[in-house]
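The residues making up each chain are set out below.
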2 protein chains.
Amino acid sequence: MKKFLNDPVDFVDEMLEGIYRAHPQVTYAAGDKRCLVTANVKPGKVGIATGGGSGHLPLFLGYVGDGMLDGAAVGGVFQSPSAEQMYQVTKHIDQGAGVLYIYGNYSGDIINFDMAAELADLDGIQVKQVVGNDDVASSVVGEEHKRRGVAGIFFVYKAAGAAAAEGLSLDEVARIADKARLRTRTMGVALSSCVVPEIGHATFSIGEDEMEIGMGIHGEPGISRTKLAPADAVVDEMMARIFAEQDYKAGDSVAVLVNGLGGTPLEELYILFRRVGQLLDERSVTVKHVWIGEFATSMEMAGASISVTHLDEELDRLIGKPAGTPFFQHVPA
Amino acid sequence: MKKFLNDPVDFVDEMLEGIYRAHPQVTYAAGDKRCLVTANVKPGKVGIATGGGSGHLPLFLGYVGDGMLDGAAVGGVFQSPSAEQMYQVTKHIDQGAGVLYIYGNYSGDIINFDMAAELADLDGIQVKQVVGNDDVASSVVGEEHKRRGVAGIFFVYKAAGAAAAEGLSLDEVARIADKARLRTRTMGVALSSCVVPEIGHATFSIGEDEMEIGMGIHGEPGISRTKLAPADAVVDEMMARIFAEQDYKAGDSVAVLVNGLGGTPLEELYILFRRVGQLLDERSVTVKHVWIGEFATSMEMAGASISVTHLDEELDRLIGKPAGTPFFQHVPA
């Protein structure tokens, strides 16, 4: 295992120590470093909390900051944080306007966030939930509730975070988050495995010349394993599945995220985006917002995902708003 | 070779097509996509140009933008751009106040930038040069002119870019860049090789349990190859060499960059920074600025580098100024 770490058991907590040392904009609630919250709670604002396993930086905790989220419960690598941690984050960030949970569709996270919402309810804190399920590959159309949440949750955070920053109500912020969720689709492709520190070896094996389309960010099986194709052919296959999900008309606009899974050079992500742009041009669909880089990773996995949000006017405006976290800055032109 | 690419020959140009599609803040001079320049040339300002091989994103071209650089000549993967390309960038960005070249200490780049400066001189454009040589591992003390430029050039760009944005003269911007250069040191460690697209196999081999301290960002040999040690021990060795180079006193302050070489998860960089911060605490040295992430990569190489700039008041102030490029945003708190 080729990793910079000390005892693998301390991986997450030592990472968090580094984060708190580097970034005074975030702190933690209830004396538990895994209850990460903004140091800059905004009075009266709807709070937004997320949470999930570690190993996906900048997801999840990296989006806590101005114009995005207020707190994140931090689990072990690829493990759900506890209900208690989610509840402590909730209590800390609630300003009387309620709290929205936005997280990915994984059973452990759902159970624990549900329990945290019940605990918060006993305290009179109103909680709503939006569960990201953007991964096209994890089920057929009609069974979207089975789909995993992957990188597309970034756009849900961005839209909902901007709405909350504008002072909208919990119902409104939840409505906007849910719309962003419903209009966002992601397809991923993996080229190599990741290594979970406490396990110490590759999560799965994949041939030196193979790719797996649709693999999940914890190594969940995808929909096809084939010889690695040229970049343009890979993008064509990924985008065909994304286009098939929504009715794109000439003149429509989108937000695009080309996300590296951890071990893929940034150069290659731009080669992928080049083809994404060509395909959107062919349909006369306009790219209004684009981010390219590592936004939701799987440790050192080589691979990439493409997320597309089918914009309406409201999402276009909100996704274009400024944001500033220790891991992500958006300064509109 | 597990890469997202089409024909390896087109790697750099297709990457650039993706960049120009994504980022209207940059464009190119003289009809040559490899002459990347800001779309927002500031009248009267000293121009700052850089250049070097591809494969190091966001280095070099990623630092072209407000508060940093004005242009970058883009070479093939790990290859110097041509003197003609550097000259065209120079002509485009010159506003009558002269142009500063800031680039790394590699013989091809030096020859070509020297030639470009001569061509510019024939046009009456005044050019000065500062050549980054922050890599402690590439020579002993006393032979600093043999040292390679690596990630620490980021701090030279940041200080000089802020100085130019303030309207300082070419002499002043060059003086500040040179001071940042002289006060910056970097140590790197590699855990795995990179793969150059047109070559298609690993540049070097390294054992499954080995690390190489001091390896260059093109795979140049380092100073020791040993068993991979715990993260804290790796940092202790790197920082000991950095501390040995400058006279750090209690009360001094520094800027720190913990840089991933491409294939190392962000989580691990924070584990490294945790230890860097502890060592600085022991010496009562204050971290005034810190960046952690991928700033100068070597394709998919696993590994990291630590750069430290020993600040004085002027560098502290300038490095803290805002900057905004397609690849890097700095919004001071």
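What counts and how
- Residues numbered from 1 in each chain as written.
- Chains lettered and ligands numbered in written order.
- Predicted model: local features only at pLDDT ≥ 70, side-chain atom pairs only at ≥ 80, totals over all residues.
- Heavy atoms only, no water.
- Helix = DSSP H or I, 4+ residues; strand = E, 2+ residues; numbered from the N terminus.
- Rg over C-alpha atoms; globule rule 2.2 N^0.38 Å.
- Buried < 20%, exposed > 50% of the residue type's maximum accessible area, 1.4 Å probe, protein only.
- Areas by Shrake-Rupley, 256 points an atom, 1.4 Å probe, with all protein chains shown as cover.
- Lys, Arg positive; Asp, Glu negative; His and termini not counted.
- Charge placed at Lys NZ, Arg CZ, Asp CG, Glu CD.
- Patch = residues over 30% accessible without salt bridge, like charges linked within 9 Å, V, L, I, M, F, W, Y side chains within 5 Å.
- Salt bridge = Lys/Arg side-chain N within 4 Å of Asp/Glu carboxyl O.
- Phe/Tyr/Trp six-rings, centres within 6.5 Å; stacked < 30°, edge-to-face > 60°.
- Domains from an automatic or database assignment.
- Contact = heavy atoms within 4.5 Å.
- Buried area = accessible area lost by both parts, 1.4 Å probe.
- Polar contact = N/O pair within 3.5 Å; in protein donor to acceptor, adjacent residues only side chain to side chain.
- Pairing = 2+ DSSP bridges.
- Axes fitted to C-alpha atoms, helices over the stretch in contact; angles between N-to-C directions.
- Nonpolar A, V, L, I, M, F, W, Y, C, P; charged D, E, K, R; others polar.

A word on the overall build of chain A
- Helix and strand counts for chain A come out as 8 helices and 14 strands.
- A compact globule built from 333 residues should have a C-alpha radius of gyration of about 20 Å, and chain A, at 19 Å, falls within 12% of that.
- Principal axes of the C-alpha set define a box for chain A whose edges measure 55 × 50 × 40 Å.
- Counting across all 333 residues of chain A, residues that qualify as buried make up 64%.
- Of the roughly 11,200 Å² of accessible surface on chain A, 49% is carried by carbon and sulfur atoms.
- Placing the 28 positive and 45 negative side-chain charges of chain A at their respective mean positions leaves the two points 4 Å apart.

Some words on a negative patch on the surface
- Negative charge collects at one region of the surface, where A:D114, A:E118, A:D121 and A:D123 lie side by side.
- Within the secondary structure, A:D123 is located in the loop between α3 (107-122) and β6 (127-132).

Observations concerning unusual backbone geometry
- The omega angle of the peptide bond from B:L57 to B:P58 is 5 degrees, so this bond is cis rather than trans.
- Within the secondary structure, B:P58 sits in the loop between β3 (47-54) and β4 (71-77).
- Across the junction of B:L59 and B:F60, the peptide omega takes the value -5 degrees, indicating a cis bond.
- If you check the backbone angles, A:M299 has positive phi at about 55 degrees while not being a glycine.
- Looking at the secondary structure, you find A:M299 in the loop between β11 (286-293) and β12 (303-310).
- For A:M299, a relative accessible area of 1% puts it in the buried group.
- The backbone of B:F78 sits at a positive phi, close to 60 degrees, despite the residue not being glycine.
- Relative to the helices and strands, B:F78 is located in the loop between β4 and α2 (83-93).

Points about the packing of aromatic side chains
Residues and elements named next belong to chain B.
- Using the criterion set out here, one finds 30 aromatic pairs over all chains in the structure.
- Note on F154 and W291: the rings are 5.2 Å apart at their centroids and 75 degrees apart in plane angle, and the pair reads as edge-to-face. A residue pair is termed long-range when its members are at least 10 positions apart, and F154 in helix α4 (residues 153-165) and W291 in strand β11 (residues 286-293) qualify at 137 residues. In this structure, F154 and W291 share a single accessibility class: buried.
- Ring plane angle 70 degrees and centroid distance 6.1 Å describe the contact between F295 and F328, whose orientation is recorded as edge-to-face. With F295 in the loop between β11 and β12 (303-310) and F328 in the loop between β13 (323-324) and β14 (329-330), the pair connects residues that are 33 residues apart, well separated along the chain.

Here we look at the domain arrangement of chain A
All names here are of chain A.
- For chain A, the assigned domains read domain 1 (8-182) and domain 2 (184-330).
- The C-alpha-based centres of domain 1 and domain 2 are spaced at 21 Å.
- Opposite the 47 residues of domain 1 that make contact, domain 2 presents 48 residues.
- Carbon and sulfur atoms make up 64% of the area that domain 1 and domain 2 hide from each other, which totals about 4,000 Å².
- Among the residues domain 1 hides against domain 2, the three largest losses belong to F78, F155 and K158. Together they make up 16% of the total.
- Summed over the shared surface of domain 1 and domain 2, the number is 26 residue pairs in polar contact (both at pLDDT 80 or more).
- For the side of domain 1 that touches domain 2, the elements supplying multiple residues, two or more each, are α1 (11-22), α4 (153-165) and α5 (170-182).

Brief notes about the sheet that holds strand β9 (residues 224-227) of chain A
Residue and element names in this part refer to chain A.
- One open sheet accounts for 6 strands, arranged β9-β8-β7-β12-β10-β11; its pairing is mixed. Each edge of the open sheet is held by one strand with a lone partner, namely β9 and β11. On average, each strand axis in the sheet is tilted by 20 degrees relative to the strand beside it, whichever way the strands run.
- In this sheet, β9 lies alongside strand β8 (residues 210-213) in antiparallel orientation, the contact comprising 4 bridges. The partner of I213 across the bridge, within β9, is S224.
- Most of the contacts of helix α7 (residues 266-282) go to strand β10 (residues 253-260), to which it runs at about 155 degrees, and overall it touches β10, β11 and β12.

What about the interface of chain B and chain A?
- Contacts between the two partners involve 56 residues from chain B, matched on the other side by 56 residues from chain A.
- Between chain B and chain A the total buried area reaches about 4,800 Å² when both faces are included, carbon and sulfur atoms providing 62% of it.
- The tally of links between chain B and chain A comes to 8 salt bridges.
- Between A:E14 and B:R274 there is a salt bridge, and its shortest N-O distance comes to 3.6 Å.
- For the pair chain B and chain A, the interface holds 30 residue pairs in polar contact (both at pLDDT 80 or more).
- Counting residues per element, the ones that place at least two in the side of chain B that touches chain A are α1 (11-22), α6 (231-243), α7 (266-282), β11 and β12 of chain B.
- In terms of residue count, the dominant contributor to the side of chain B that touches chain A is α7(B) (11 residues).
- Residue classes in the side of chain B that touches chain A are distributed as 28 nonpolar, 13 polar and 15 charged.

Some details on the pattern of salt bridges
- A complete count under the given rule lists 54 salt bridges over all chains for this structure.
- Where B:R274 meets A:E17, a salt bridge forms, and the shortest distance between an N and an O atom there is 2.9 Å. Of the two residues, B:R274 is situated in helix α7 and A:E17 in helix α1; the pairing between them involves two chains.
- In this structure B:R274 comes out as buried when scored by relative accessible area, which is 9%.
- A relative accessible area of 28% means that A:E17 is categorised as partly exposed.
- Of the charged contacts in the structure, one is a salt bridge between B:E166 and B:K321, with a shortest N-O distance of 3.3 Å. Separated by 155 residues along the polypeptide, B:E166 in the loop between α4 and α5 (170-182) and B:K321 in the loop between α8 (313-319) and β13 bring together distant segments of the chain.

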